Amino acid sequence: MTSSQNEARPPAARKLSSTRRWQLTGGALLIAVVVVLIDQGTKVWAEATLTERERIPLIGDLLGLQLAYNPGAAFSFGEDFTWVFALLAVAATVTAIVFAFRVQRRGWAIVVGALGGAAASHAGDRLFRDPGFARGHVVDFLAYGNWFIGNIADIVIFTAAIAGALLAIRNDTERKNET
């Protein structure tokens, strides 16, 4: 196939070289490891430095530091179902690993790696922290006003979800323009 014929094919139909595929997969997995290390490192720092009773203001009442242990999901929803969140976090981690081996674009590799790392970090909390296996509480320390307390993995999930939505919109627009 000539290069002009290859350029005329839709991007989804292009075959990636094995080198390029491994670069994308390796990049996604590397991002995931970095996210886990940063999230878990900041949680270790938070547990060693902060208390549950005292809030340290960073930006007035808008943003501060305060240690919290969350057995539930966002906004402490579902506190009695920690084991379900542990299963979901493990499933999300496995799904991200599978997608890391299938990713074909750099943007998606970044999103998949970030989401996978954040899910893996939350899974680690759920599986291995107190009060016990598959009942562990997520360590939170970034206090957003009086709304909620989160962590680095939460920021990564939020940011990667927005990036993924923007990539999906861009991909959809590209497909429409090709027809």
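Up top is the structure these notes are about.
Quantities reported herein were computed from a predicted structural model and do not represent experimental measurements.

Caption draft 1: Up close: a nonpolar patch on the surface. Where nonpolar side chains cluster on the molecular surface, the patch consists of Ile56, Leu58, Ile59, Leu62, Trp147 and Phe148 and spans about 610 Å² of accessible area. A per-element tally of the nonpolar patch places strand E1 (residues 56-59) first, with 3 residues. Examined against the element boundaries, Ile56 turns out to sit in strand E1.

Caption draft 2: Just unusual backbone geometry, in detail. The omega torsion across Asp130 and Pro131 is 15 degrees, close enough to zero to call that bond cis. Its place among the elements puts Pro131 in the loop between helix H4 (106-128) and strand E3 (138-144).

Caption draft 3: Examining the pairing of E3 more closely. Buried residues dominate E3, accounting for 6 of its 7 residues. For strand E2 (residues 63-70) and E3, the ladder comprises 6 bridges, and the chain directions are antiparallel. Residue Tyr69 lies in a different strand from E3, and its bridge partner there is Val139. Bridge count between E3 and strand E4 (residues 148-150): 3 bridges; the pairing is antiparallel. The partner of Leu142 across the bridge, within E4, is Gly150. Where E3 folds back on E4, the antiparallel hairpin that results is connected by 3 residues, among which Gly145 adopts a positive phi of roughly 55 degrees.

Caption draft 4: Spatial organisation of the packing of aromatic side chains. Inspection of every chain in the model, using the stated rule, returns 4 aromatic pairs. Judged by centre distance (5.9 Å) and plane angle (85 degrees), the ring pair of Trp22 and Phe101 falls under edge-to-face. Here the residue Trp22 occupies a position in helix H2 (residues 18-49), and Phe101 occupies one in the loop between helix H3 (82-100) and H4, the gap between them amounting to 79 residues.

Definitions and cut-offs
- Residues numbered from 1 in each chain as written.
- Predicted model: local features only at pLDDT ≥ 70, side-chain atom pairs only at ≥ 80, totals over all residues.
- Heavy atoms only, no water.
- Patch = residues over 30% accessible without salt bridge, like charges linked within 9 Å, V, L, I, M, F, W, Y side chains within 5 Å.
- Areas by Shrake-Rupley, 256 points an atom, 1.4 Å probe, with all protein chains shown as cover.
- Salt bridge = Lys/Arg side-chain N within 4 Å of Asp/Glu carboxyl O.
- Helix = DSSP H or I, 4+ residues; strand = E, 2+ residues; numbered from the N terminus.
- Buried < 20%, exposed > 50% of the residue type's maximum accessible area, 1.4 Å probe, protein only.
- Pairing = 2+ DSSP bridges.
- Phe/Tyr/Trp six-rings, centres within 6.5 Å; stacked < 30°, edge-to-face > 60°.

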